[in-house]
Every structure is written in structure tokens, then in C-alpha cells.
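# Topology and contacts: notes
Letter by letter, the chains look like this.
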Amino acid sequence: MMTDVDLLAERLKSALARLGRRARRQTRGDLTAGQTSTLAAVSQLGPVRLGDLAAHEGVSAPTLSRLVGGLEGLGLLVRAPDPADGRASLISLSPTGEAELTRLRGDSIAFLVARISALPPEEREALAAALPAIERLAGS
């Protein structure tokens, strides 16, 4: 039998997944969700080794290597030798990658601004009140 907390968790997971999918569909461009996530992770982590990036993204190194190779081919990521280990490379955003990530984030934020603005004031207030708890859930 599902408890109230089980039902709340299920509804929250479903709503956030739908909202995330809709926000991603609003962005212009041909990047997949995995490519966009990889760009965002590289931006967050700074110059990063492939293995560390794979661990952060929760995917295998070969899978991430293919993603990074594709993004490198698009001119969005660059590799440089790791000064601490000449056998390894560090992956970072190219200037084009930084601009693309900024544009993607802007598209996503614009979508959310429009959706939030369409809510009645009391629902916007409820969303604002729930945000600290959602942020704590996301951070733990």
C-alpha cells in the first residue's frame, strides 16, 4: 500500500520529468538531452578528465567518449593535454560551446518564465514557497 509520501514522491518525479522534457523541447537546435547535459556538466566542472565527467554524468567512459567526440566535432568542446598527466586530456567548453549553452539555458528559462507567468498568483506563491524544499531535495 502506498503512503502519502510514496504518492507525493511519484507525483513530484512525474511532474518534474514532464516539465524537464517540455523545457528541453522548447530549445532550438539539434542537440540531444545527453549532449546538452554533457555541455552543462563540463561548464560546471571546468576542465575535466573524461573519466571524472563520465562518473559525474553516471555513464560509462566509452559512452561519454562518443558524446564528447560528437560535441568536439561540432566545435562545442575542446581537449587539451592534462598538465598533471601527459597521457590524459582535459575537456572544456569552446567559446562556441559556451555561447550554445548560454543560448540553451536562455531558451529553457524563457519557457519556464512563460509557464510560471501563466499561473494564478496563488499558485506562483505556492511554487515559491515549495522551492527551498525542492532545492534541498535536488542537493542531497
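For the structure itself, look to the data block above.
The following refers to the structure shown. (Residues numbered from 1 in each chain as written. Predicted model: local features only at pLDDT ≥ 70, side-chain atom pairs only at ≥ 80, totals over all residues. Heavy atoms only, no water.)

### A look at the pairing of strand S2 (residues 85–93)
Put simply, the rule is: Should DSSP find at least two bridges between two strands, the strands are taken to pair. Here a strand is any run of E in DSSP of at least two residues, a helix any run of H or I of at least four, and the numbering for each starts at the N terminus.
Strand direction decides the pairing type here: strand S1 (residues 77–82) and S2, joined by 6 bridges, are antiparallel. Looking at S2, one finds that Arg79 is bridged to Ile91. What sits between the antiparallel neighbours S1 and S2 is a turn of 2 residues.

### Some words on the pattern of salt bridges
Note the threshold: Note on definitions: salt bridges are taken to be side-chain nitrogens of Lys or Arg within 4 Å of carboxyl oxygens of Asp or Glu. Under the scheme applied here, a residue whose accessible area is under 20% of the maximum for its type counts as buried, over 50% as exposed, and between as partly exposed, the area being computed with a 1.4 Å probe on protein chains only.
One pass over the structure, following the stated rule, counts 6 salt bridges. The partner of Asp82 in a salt bridge is Arg49, with the nearest N and O atoms 2.7 Å apart. In this pair, Asp82 sits in strand S1 while Arg49 sits in the loop between helix H2 (33–45) and helix H3 (50–57), placing the two residues 33 residues apart along the sequence. In this structure, Asp85 engages Arg87 in a salt bridge whose closest nitrogen and oxygen atoms are separated by 3.1 Å. You can call Arg87 exposed: its relative accessible area is 77%. Where salt bridges share partners, they join Arg49, Asp82, Asp85 and Arg87 into one cluster.

### Let's talk about H3
For clarity, the cut-off: Each C-beta atom gives one direction from the helix axis, and the arc is the one those directions make. Here a residue-residue contact requires only that any non-hydrogen atoms of the pair lie within 4.5 Å.
Taken as a whole, H3 has its buried residues at Leu50, Leu53 and Ala54. The buried residues of H3 all sit within an arc of 100 degrees when viewed along its axis, so they share a single face. In the core, the buried residues of H3 are packed alongside H2, helix H4 (61–73) and S2. Just downstream of H3 lies Gly58, where phi reads positive at about 70 degrees.

### Digging into the packing of H2 against H4
Let me state the cut-off plainly: Angles run from 0 to 180 degrees between N-to-C directions of axes, and those axes are lines fitted to C-alpha atoms, restricted for helices to the stretch in contact. In what follows, roughly perpendicular refers to angles from 65 to 115 degrees, roughly parallel to angles under 35, roughly antiparallel to angles over 145, and oblique to any angle outside these ranges. In this count, Pro and Cys sit with the nonpolar residues alongside Ala, Val, Leu, Ile, Met, Phe, Trp and Tyr, while Asp, Glu, Lys and Arg are called charged and the others, Gly among them, polar.
One can describe the packing of H2 onto H4 by two numbers: an axis separation of 10 Å at closest approach and a directional angle of 85 degrees. Classified by the interaxial angle, the pair formed by H2 and H4 is roughly perpendicular. For the pair formed by H2 and H4, the contact residues are Gly34, Gln35, Thr38 and Leu39 on the first element and Leu64, Leu67, Val68 and Leu71 on the second. By residue class, the composition of the contact of H2 with H4 is 5 nonpolar, 3 polar and no charged.

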